Amino acid sequence: RSAQEMKHMENISSLFHGSTPDDYPRLESKSEREAVSASGEQPWEMIMDKKHFKLWRRPIKGTHLYQYRVFGTYTDVTPRQFFNVQLDTEYRKKWDSLVIKLDVIERDLATGSEVIHWVTHFPYPMYSRDYVYVRRYSVDKENNMMVLVSRAVEHPSVPEDPEYVRVRTYESQMVIRPHKTFDENGFDYLLTYSDNPQTVFPRYCVSWMVSSGMPDFLEKLHTAALKAKKMEIEVRDYMSAKPLESGGGEGKASVSSAEHKSEGTCSPAQLEYA
């Protein structure tokens, strides 16, 4: 599915821009929504159009929330660097000033799944939010792409903390397609994201926070990848850390005692999500 969605966005990107960002005239808003949305899907609304990325949103049926989609391009960093910087939790604590806590709670060696506890600042006067989510990544050499998927889960070793608001609905999917290879500069990426931050503010306020915060996060992520490249900061190479082919969901979950030891392990239902 990730490959299909990325291919769809690559096909329509030429409708927006052609060979260079300013070559082709803009499509009408309705045409853009119809192009971005697959047949039978809820239409997307473009809310931001920048040189290096475009941001869309669409309502999630039955809720007051939106799902967001970013399609962008970088030409000055390699796909491997961008991918690794997203996954390296220790490095993120240094470049993301909003992080209060970011720890790997548990790893499943068979699938590469990791359970993460993430606590982040929210704009004043809101309380900080905390997320417990499972993430899995895959590097597909045959189709020349990388995928990182995350989804909120429950975990027995991370009970709710009264200091934070627990976010129980969260999904994120990042697809990276190199222009050439994983180790040469240049790639496109597609980020699809939704969560329920459980605020009392109206939907348009939450939408404003996301639409202003997401570009800021992506720019910080890009800068961190550039810094890791230029300064040769040691970032874990996740492409080499596990087999490139996708694993099954039957491996026994393994707890890393060096980070955070849990008294129990996730059930297959909690870890298997991709």
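Look a little higher up for the structure.
Let us look at the structure shown here. (Residues numbered from 1 in each chain as written. Predicted model: local features only at pLDDT ≥ 70, side-chain atom pairs only at ≥ 80, totals over all residues. Heavy atoms only, no water.)

## Examining the overall build of the protein
Here's step 1: Of regular secondary structure, the protein possesses seven helices and ten strands.
Here's step 2: Put simply, the protein has 274 residues, and 50% of those count as buried.
Here's step 3: Considering only intrachain contacts with a sequence separation of at least 6, the fraction spanning at least 24 residues in the protein is 60%.
Here's step 4: Carbon together with sulfur atoms contributes 50% to the accessible area of the protein, which is approximately 14500 Å² in total. (Helix = DSSP H or I, 4+ residues; strand = E, 2+ residues; numbered from the N terminus. Buried < 20%, exposed > 50% of the residue type's maximum accessible area, 1.4 Å probe, protein only. Contact = heavy atoms within 4.5 Å. Areas by Shrake-Rupley, 256 points an atom, 1.4 Å probe, with all protein chains shown as cover.)

## So, the pattern of salt bridges
Here's step 1: Evaluation of the coordinates by the stated rule reveals 14 salt bridges.
Here's step 2: Here arginine 151 ties to glutamate 171 by a salt bridge, and the two come within 3.4 Å at their closest N and O atoms. Of the two residues, arginine 151 sits in strand E7 (residues 145-152) while glutamate 171 sits in strand E9 (residues 170-178), which places them 20 residues apart along the sequence.
Here's step 3: Judged by its relative accessible area of 34%, arginine 151 falls in the partly exposed class. (Salt bridge = Lys/Arg side-chain N within 4 Å of Asp/Glu carboxyl O.)

## With respect to unusual backbone geometry
Here's step 1: Here the phi dihedral of asparagine 144 falls at roughly 55°; this positive angle occurs in a residue that is not glycine.
Here's step 2: Examined against the element boundaries, asparagine 144 turns out to sit in the loop between strand E6 (129-140) and E7.
Here's step 3: We classify asparagine 144 as partly exposed; its relative accessible area is 21%.

## Quick notes on the nonpolar core
When a protein is soluble and globular, its nonpolar side chains tend to lie buried together.
Here's step 1: One finds Phe83 and Tyr189 to be the most contacted residues of the largest nonpolar core, which totals 45 residues.
Here's step 2: Considering each element in turn, this core owes the most residues, seven residues, to helix H5 (residues 203-230).
Here's step 3: Aside from chain neighbours lying at most four places away, what touches tyrosine 189 is Met6, Phe53, Val70, Phe71, Gly72, Thr73, Tyr74, Met174, Val175, Ile176 and Leu218.
Here's step 4: With eleven residues, the next largest nonpolar core counts Met6, Met9, Trp44 and Val147 among its residues. (Core = buried A, V, L, I, M, F, W, Y, C linked by side-chain atoms within 4.5 Å.)

## Considering the pairing of strand E1 (residues 45-49)
Here's step 1: Relative to strand E2 (residues 53-59), E1 is paired through four bridges, and the arrangement is antiparallel. The partner of glutamate 45 across the bridge, within E2, is arginine 57.
Here's step 2: Hairpin connection of E1 to E2: three residues between the antiparallel strands. (Pairing = 2+ DSSP bridges.)

## Brief notes about the side chain of histidine 117
Here's step 1: If you trace the backbone, histidine 117 turns up in strand E5 (residues 114-120).
Here's step 2: At 3.0 Å, the side chain of histidine 117 and the side chain of aspartate 130 are in polar contact.
Here's step 3: Beyond its immediate sequence surroundings of up to four residues, histidine 117 is in contact with Lys101, Leu102, Asp103, Ile105, Asp130, Tyr131, Val132, Val158 and Arg166. (Polar contact = N/O pair within 3.5 Å; in protein donor to acceptor, adjacent residues only side chain to side chain.)

## Describing the pairing of strand E3 (residues 66-74)
Here's step 1: Of all nine residues in E3, eight are buried, a share of seventy percent or more.
Here's step 2: Examined bridge by bridge, E2 and E3 share seven bridges and lie antiparallel to one another. By the bridge assignment for E3, phenylalanine 53 is matched with glycine 72.
Here's step 3: Counted between consecutive antiparallel strands, the loop separating E2 from E3 contains six residues, among which glycine 62 sits at a positive phi close to 80°.

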